[in-house]
Amino acid sequence: MNIIRRTLLAAACVATLVPAIAQAQDIKPRLIRFGYGLNEQSNQGRAAKVFADEVAKRSGNKMKVRAIGAAALGPDTQMQQALIGGAQEMMVGSTATLVGITKEMALWDTPFLFNNVKEADAVLDGPIGRKVMDKLEDKGLVGLVYWENGFRNLTNSKRPIAKMEDLGGVKLRVMQNNVYLDSFKLLGANAVPLPFSELFSALETNTVDGQENPYNTILSSKFYEVQKYLSITNHVYSPWIVLVSKKWWDGLSKDEQKVLRDAAAASRDFERKDTREEAAKALADLKAKGMQINEVPATEAARMRDKLTHVNASIGTTVGMDLWNETQAALSKLRGGK
Ligand code: TK8
């Protein structure tokens, strides 16, 4: 090939390539790594997928969510740090593991705070839920919405828990959170904090005897394979929270932020409905898987509740009495009081 032809050919290649590259860069979607702790086949996994679909749809495929489950990006606390540092864009996880970062999150750990999901939705989606969420911003996180993890119940491999004393000597895994740790110690269990990602194998190897989580998680994480007894306590309503790295968020356009906010709201509505439908059938499913299920009698539940009022006092101090009193007032209003 002579030199002129070669030069012409090269020029022609560049001419066709340059616009193609520019175009490819234009349409290259913004990638969002969205981490979560449960399996893909769980209420958390299903809602993460809905969030991803909503973001794609609402951004015209300019933003792309890669949902990464099973704690492949690390347990909740590790992902929170990755978000703060800007190494990961988004996650969903328990509010309980956020308390080390934002102490006000401990409000949601209050035993028996909500009597039903209606109260939970009203408070979490109202001004109090927003106020607690907004506290995250100083710490490098943006909270978008609360999803439902659900009312927590006890499982263990030793015996049915029918009264407080039955918890005596039970080595119980709790989340990495002092309210949970103190609550279960007060009730007589040998409480041990562990990340969720280590829980199944800890149960399987009898490193711990039991744990507490909503029915949905007991099912999706197959805890029925390694736990015989399920005791219905509904001792606390546990929220999940969808978080964004503030470092990354601040670099988004207003339109991109709106896409994420709207998609998060849509995912929340889907997630709560899906979780509640699954929870309604879960007891029968868990029974069919061989779990022995008992309801803690009301008088015994009341004894546990009384014992835990000590914990409530310390939560008030932790989150601030103004927030505590505002929450109690909102609840009594919802319950038809004054
Ligand atoms: C999942 C956890 C889980 C929580 C727990 O990452 O740790 O027990 O209930 O849902 O956030």
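Everything below is about the structure shown above.
Residues numbered from 1 in each chain as written. Predicted model: local features only at pLDDT ≥ 70, side-chain atom pairs only at ≥ 80, totals over all residues. Heavy atoms only, no water.

J.: Outline the site of the ligand, listing residues and values.
T.: For the ligand, the full set of nearby residues is G37, L38, D76, S94, N149, R152, R173, M175, F196, N213 and W240. Between the ligand and S94, the relevant distance is 3.4 Å, taken from an oxygen atom to a main-chain nitrogen or oxygen of the residue. The contact in question runs from an oxygen atom of the ligand to an N or O atom on the side chain of N213, over 2.7 Å. When the free accessible area of the ligand is taken as 300 Å², the share hidden by the protein chains comes to 98%. Of all the cavities here, the one that holds the ligand is the largest cavity. Residue classes in the shell around the ligand are distributed as four nonpolar, four polar and three charged. (Near = heavy atom within 4 Å. Polar contact = N/O pair within 3.5 Å; in protein donor to acceptor, adjacent residues only side chain to side chain. Areas by Shrake-Rupley, 256 points an atom, 1.4 Å probe, with all protein chains shown as cover. 1 Å grid on protein atoms, 1.4 Å probe; cavity = no way out; pocket = protein on both sides within 12 Å on 5 of 7 lines; lining within 4 Å. Sits in = over half its atoms within 2 Å of the grid points. Nonpolar A, V, L, I, M, F, W, Y, C, P; charged D, E, K, R; others polar.)

J.: How would you summarise helix α10 (residues 254–288) if you had to cite specific residues and measurements?
T.: Its 35 residues give α10 an end-to-end C-alpha distance of 49 Å, which sits within 8% of 51 Å, the value for a rise of 1.5 Å per residue. At A282, α10 shows its maximal bend, which comes to roughly 45°. After α10 finishes, the residue G290 shows a positive phi value of roughly 105°. (Helix = DSSP H or I, 4+ residues; strand = E, 2+ residues; numbered from the N terminus. Expected span 1.5 Å × (residues − 1). Bend = angle between axes of the 7 residues up to and from the residue.)

J.: Describe empty space enclosed by the protein, listing the residues and the values that go with them.
T.: A complete count under the given rule lists three cavities of 30 Å³ or more for this structure. Along its surface, the largest cavity is lined by 22 residues, and D76, S94, R173, M175 and F196 are the ones closest to its centre. Sorting the residues of the lining of the largest cavity by element identifies α3 (76–85) and β3 (90–94) as the ones contributing at least two each. Tallied by class, residues from the lining of the largest cavity come to eight nonpolar, 11 polar and three charged. There is about 70 Å³ of room inside the second largest cavity. In the lining of the second largest cavity, the residues fall into seven nonpolar, two polar and one charged. (Points joined across faces, edges and corners; volume = space filled by probe spheres on them.)

J.: Explain the sheet that holds strand β4 (residues 141–151) to me, using residue names and the numbers behind them.
T.: Where strands meet in a sheet, backbone hydrogen bonds hold them as pairs that are either parallel or antiparallel. Strand order in this open sheet of five strands is β2-β1-β3-β10-β4, and the pairing throughout is mixed. Each end of this open sheet is capped by a strand with a single partner; those strands are β2 (63–68) and β4. When the angles between neighbouring strand axes are averaged without regard to direction, this sheet yields 20°. As defined by bridge partners, strand β1 (residues 30–35) adjoins β3 across two bridges and the pair is classed as parallel. Following the sheet pairing, F34 is matched in β3 by M90. Sheet strands touched by helix α2 (residues 43–58): β1, β2, β3, β4 and β10 (237–245). Its angle to β2, the strand with the most contacts, is close to 170°. Across the sheet, α3 lies against β1, β3, β4 and β10, angled at about 145° from β3, the strand it touches most. (Pairing = 2+ DSSP bridges. Axes fitted to C-alpha atoms, helices over the stretch in contact; angles between N-to-C directions. Contact = heavy atoms within 4.5 Å.)

J.: So, the side chain of E89: which residues are in play, and what are the values?
T.: Here E89 shows up in the loop between α3 and β3. The class for E89 is buried, based on a relative accessible area of 8%. Polar contacts involving the side chain of E89 include one to the side chain of R33, which spans 2.8 Å. Apart from the residues lying within four places of it in its own chain, the contact partners of E89 are L31, I32, R33, L83, L243, V244, S245 and W248. (Buried < 20%, exposed > 50% of the residue type's maximum accessible area, 1.4 Å probe, protein only.)

J.: Any details on the pattern of salt bridges? Residues and values, ideally.
T.: All told, the structure shown has 25 salt bridges when counted by the stated rule. With its nearest N and O atoms 2.8 Å apart, the salt bridge here joins R58 to E54. In this pair, R58 and E54 are both assigned in helix α2, four residues apart and thus about one turn of the helix distant. With a closest N to O distance of 2.7 Å, R335 and E119 form a salt bridge. Linking R335 in the segment after α13 (321–334) with E119 in helix α4 (residues 117–125), this pair joins segments that are 216 residues apart in sequence. The buried category is assigned to E119, whose relative accessible area is 8%. Salt bridges sharing common partners tie together D121, D125, E148, R268, D269, R272 and R276. (Salt bridge = Lys/Arg side-chain N within 4 Å of Asp/Glu carboxyl O.)

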